[in-house]
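Listed here are the chains, written in short residue letters.
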Amino acid sequence: MSAPWGPIVFHVDMDAFYAAIEQRDRPTLRGQPVIVGGLGARGVVSTASYEARPFGVHSALPMYLARQRCPQGVFLTPRGAYYAEVSRQVMAIFGRYSPTVEPLSLDEAFLDMTGTEALMGPPEKTAARLQREIKAELDLDASIGVASVKYIAKVASDLHKPRGLTVCPPGEERAFLAPLPIERLWGVGKKTAVRVRALGLSTIGDVAGADPRWLESELKSLGRHIHNLAHGRDARMVERGVERKSIGAERTLAQDVTGKSAVLDLLRPLADSVAAALRKKERLAGGVRLKVKYADFQLRTRDEKLLAPVDNADAILEVLARLCDRTDLATPLRLVGLAAYDLVERQAPQQGSLFAPAPVPQKRGALDAVLDQVTEKFGKGAVRRASHEVHERFGDLQHGADRPDDPS
Ligand SMILES: [Mg+2]
């Protein structure tokens, strides 16, 4: 029996994200070595599918080497804007599990799961459910590390990829880390590893057992840093990196439903609650999204940008009716939902031009920084602003409850 959990951190890392998206969308690529990256003379690999890795192809490898090592590979240019859109969908799922999500890149994030056991059950089961939900909704694989601190959660998510679920129980931190090579310590790159090994330390356990004063005299502040990490001491908190930029509500249905009028009937109370939340927050929605999930778990969304932002249920329903016309509602549905996005402050003056850029939020979160990096990497215009959905969940997959959860 291990100690009870105190702080709980998930690190969720999508498996071969860009390559997996391409394989998902083009089934002929499944089972093939798919290499996504810059195809020019100086290009590098962004992501290699697991089929390409036995050939020695990995991210950051120069593309000409990837072509030499894996001539039979399928080489693709990154679709940056599209990956950012899928990332938004991934982050939206994370947002259902924790209000505190810290993205590190388009395909990985920390989730602060502290205190969720009472509501969601043991963290390892919650993590497994999150993996299943990502698979069911997006048909993508993720690996998850569960630990009491960020550093170990990140190490853990990488240990059993792909589809790994690795838990370091509380109190086991030092034993969990001890057998791992020193390269697994944050801050120990190739050059530093040579210096640390020269001191006779090759595992994290060796570092943990060393005299911290000696480590500090040999390696300066890095010595103290890696000694702390080796003991599983990592004081950094998960930082909320994503502002709430959309408000949504959805409902999982006890029985499958078809047809526009039935769907609109179900959407009406959800639109009421979203409109009420918008008014409470003094926000107007610049866009409305319809979300449906079919009986086979396929997910579809349809968006419409509005010429004039709204905050009332009738206006939202009008948009949803149009979106319904563009959506297959003849196939049985197991979930319907909506989101109001592109939120603007109600008192902000509305620009006259329909084509005026969306107001730039004053607070910039970690995801903004990530998206900026992607823009830099893939070119300007590659990325449109990703908004993050936190759903007020009306139906619950586990309990079928029919009352709203606390959305915060
Ligand atoms: Mg990844």
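Residues numbered from 1 in each chain as written. Predicted model: local features only at pLDDT ≥ 70, side-chain atom pairs only at ≥ 80, totals over all residues.

(A) Structural detail: the overall build of the protein chain. Within the protein chain one finds 14 helices and 13 strands. Long-range pairs, those at least 24 residues apart, make up 66% of the contacts in the protein chain between residues at least 6 apart in sequence. (Helix = DSSP H or I, 4+ residues; strand = E, 2+ residues; numbered from the N terminus. Contact = placed C-beta atoms within 7 Å.)

(B) Representation of the packing of helix α12 (residues 260–280) against helix α13 (residues 313–325) within the structure. Where α12 meets α13, the axes come as close as 9 Å, and the angle between the chain directions of the two elements is 145°. The crossing of α12 and α13 is right-handed. Seen from α12, the contacting residues are Lys260, Val263, Leu264, Leu267, Arg268, Ala271, Asp272, Val274 and Ala275; seen from α13, they are Ala313, Ile316, Leu317, Leu320, Ala321 and Cys324. (Axes fitted to C-alpha atoms, helices over the stretch in contact; angles between N-to-C directions. Left-handed = near helix turned anticlockwise from the far one by under 90°.)

(C) Seen up close, the nonpolar core. Formed by 64 residues in total, the largest nonpolar core has its most connected members in Val9, Phe10, Ile35, Leu111, Ile152 and Ala153. Broken down by element, this core gets its largest block of residues, eight residues, from helix α3 (residues 80–97). When residues of this core are assigned to domains, at least three fall in each of domain 1 (17–80) and domain 2 (173–230). Leaving out residues up to four positions away in the same chain, alanine 153 has contacts with Val9, Phe10, His11, Phe110, Gly145, Val146 and Ala147. Ala249, Ala285, Val336 and Leu338 belong to the second-largest nonpolar core, a separate cluster that totals 30 residues. (Core = buried A, V, L, I, M, F, W, Y, C linked by C-beta atoms within 7 Å. Buried ≥ 20, exposed ≤ 12 C-beta atoms within 10 Å, placed from the backbone. Domains from an automatic or database assignment.)

(D) How the structure looks around the packing of α3 against helix α5 (residues 123–138). Interhelical geometry of α3 versus α5 gives an angle of 145° and a closest axis separation of 11 Å. Handedness of the α3/α5 crossing: right-handed. In this structure, α3 contributes Val86, Gln89, Val90, Ile93 and Tyr97 to the contact, and α5 contributes Leu130, Glu133, Ile134, Glu137 and Leu138.

(E) Representation of the sheet that holds strand β4 (residues 74–76). Here we have three strands laid out as an open sheet, ordered β3-β2-β4, and mixed in their pairing. Every interior strand has two partners, whereas the edge strands, β3 (45–48) and β4, have only one. Along the sheet, successive strands turn relative to each other by an average axial angle of 25°, direction set aside. The sheet contacts of helix α1 (residues 17–25) involve β2 (34–37), β3 and β4, and relative to β2 the element is tilted by about 120°. (Pairing = 2+ DSSP bridges.)

(F) Representation of unusual backbone geometry. With an omega of -10°, the peptide bond between lysine 161 and proline 162 qualifies as cis. The residue proline 162 is located in the loop between α6 (150–159) and β8 (165–167) in this model. At alanine 16, a residue that is not glycine, the phi angle is positive and equals roughly 45°. As for its placement among the helices and strands, alanine 16 is situated in the loop between β1 (9–14) and α1. Looking at alanine 16, the number of C-beta atoms within 10 Å reads 24, which means it is buried. One non-glycine residue, aspartate 342, adopts positive backbone phi at about 50°. One can find aspartate 342 in strand β12 (residues 333–345).

(G) Representation of the pairing of strand β6 (residues 108–112). In terms of residue burial, β6 counts as a mostly covered element, since five of its five residues are buried. A two-sided burial pattern is seen for β6, the buried positions comprising Glu108, Phe110 and Asp112 on one face and Ala109 and Leu111 on the other. As judged from the five bridges shared by β1 and β6, these two strands associate in the antiparallel manner. Each bridged residue has a counterpart across the sheet, and for histidine 11 the counterpart in β6 is phenylalanine 110. Where strand β5 (residues 101–105) lies against β6, four bridges are found, and the strand directions are antiparallel. Residue pairing in the sheet places serine 105 in a bridge with glutamate 108 of β6. Two successive antiparallel strands, β5 and β6, enclose a turn made up of two residues.

(H) The arrangement of the sheet that holds strand β7 (residues 142–147) in detail. Taken together, five strands build an open sheet; the order of strands is β5-β6-β1-β7-β8 and the sheet is mixed. Of all the strands in the sheet, the pair left with one neighbour each is β5 and β8. Taking the axes of each pair of neighbouring strands and ignoring which way they run, one obtains an average angle of 15° across the sheet. With respect to the sheet, α5 is in contact with β1, β7 and β8, its orientation differing from that of β7 by roughly 165°. Strand contacts of α6: β1, β6, β7 and β8, with the helix running at about 145° to β7, the strand carrying the most contacts.

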